[in-house]
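Structural features, examined
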Amino acid sequence: MSDDPRAADPSSKSEQTRRRLREGAMASFSVLGFHGTSTRHIATAAGMSPAAVYVHYKSKEELLYRISLVGHQAILAVVREAAESSADPVEQLRAFAYALAKHHADEHVSARVVNYELAALEPDHHAEIIALRKQIDDVVDEILQRGIDAGAFRTTSPRMAAVAIVGSCIDIARWFRDDGSWSPADVGEFYADAAVRIAGVAT
């Protein structure tokens, strides 16, 4: 088994099986939590036998780690792309918040797992995921500082503003439902508007 899921051949039968197990684990973790989920839950959700879990993954924790790794890599890619979409810090912040909020609505099942089950990771895995989260924070911190330096933002506490923006976007995964009244794009627009208000956009 490859140590890096990005290096796996997605068309191989083995990787397709691992992906089904990750999807089954993700669905179970999102409803039952990590500690409430058994390997039988995961196997049933994946349409496999419980023995299949240990053929492809060393433990339930490794499944959580793989889900968390891929999920955080995806979030980091989304917010970096958003930050690079403009040279204007106000538009960068809007794009950052829109992308982060929409992602957490679009991917609310996986996002609930990757954001709310971190404590169940082993120390080395936890540290790796925290480092990825730090990189996500760095993107918004840099946008806010750039905006302050340019006189575009008036917040006196950019770190608190960043925490408020990122934290509120993450929380979308907890309450968003596909059959609700708002689309992911609606959510993204609302949180983009909120982000620039939090930053204290100069008028």
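Residues numbered from 1 in each chain as written. Predicted model: local features only at pLDDT ≥ 70, side-chain atom pairs only at ≥ 80, totals over all residues. Heavy atoms only, no water.

Some details on the packing of helix α8 (residues 158-175) against helix α9 (residues 184-198)
Two elements in contact, α8 and α9, have axes whose closest approach is 9 Å; the angle formed by their N-to-C orientations is 160°. It follows that α8 is roughly antiparallel to α9 by the angle criterion. Between α8 and α9 lies a crossing of right-handed hand. On the side of α8, the interface is formed by Ala 161, Ala 164, Ile 165, Ser 168, Cys 169, Ile 172 and Trp 175, while α9 contributes Val 187, Tyr 191, Ala 195 and Ile 198. For the contact of α8 with α9, the residue count by class is ten nonpolar, one polar and no charged. (Axes fitted to C-alpha atoms, helices over the stretch in contact; angles between N-to-C directions. Helix = DSSP H or I, 4+ residues; strand = E, 2+ residues; numbered from the N terminus. Parallel < 35°, antiparallel > 145°, perpendicular 65-115°, else oblique. Left-handed = near helix turned anticlockwise from the far one by under 90°. Contact = heavy atoms within 4.5 Å. Nonpolar A, V, L, I, M, F, W, Y, C, P; charged D, E, K, R; others polar.)

Points about the nonpolar core
Of all hydrophobic cores here, the largest spans 54 residues; its most connected members are Leu 21, Phe 29, Leu 93, Phe 96, Leu 144 and Phe 153. Looking at this core, the element that brings in the most residues is helix α4 (residues 60-83), giving nine residues. Beyond its immediate chain neighbours, meaning those up to four positions away, Phe 153 contacts Pro 89, Val 90, Leu 93, Ile 143, Leu 144, Gly 147, Ile 148, Ala 199, Gly 200 and Val 201. (Core = buried A, V, L, I, M, F, W, Y, C linked by side-chain atoms within 4.5 Å. Buried < 20%, exposed > 50% of the residue type's maximum accessible area, 1.4 Å probe, protein only.)

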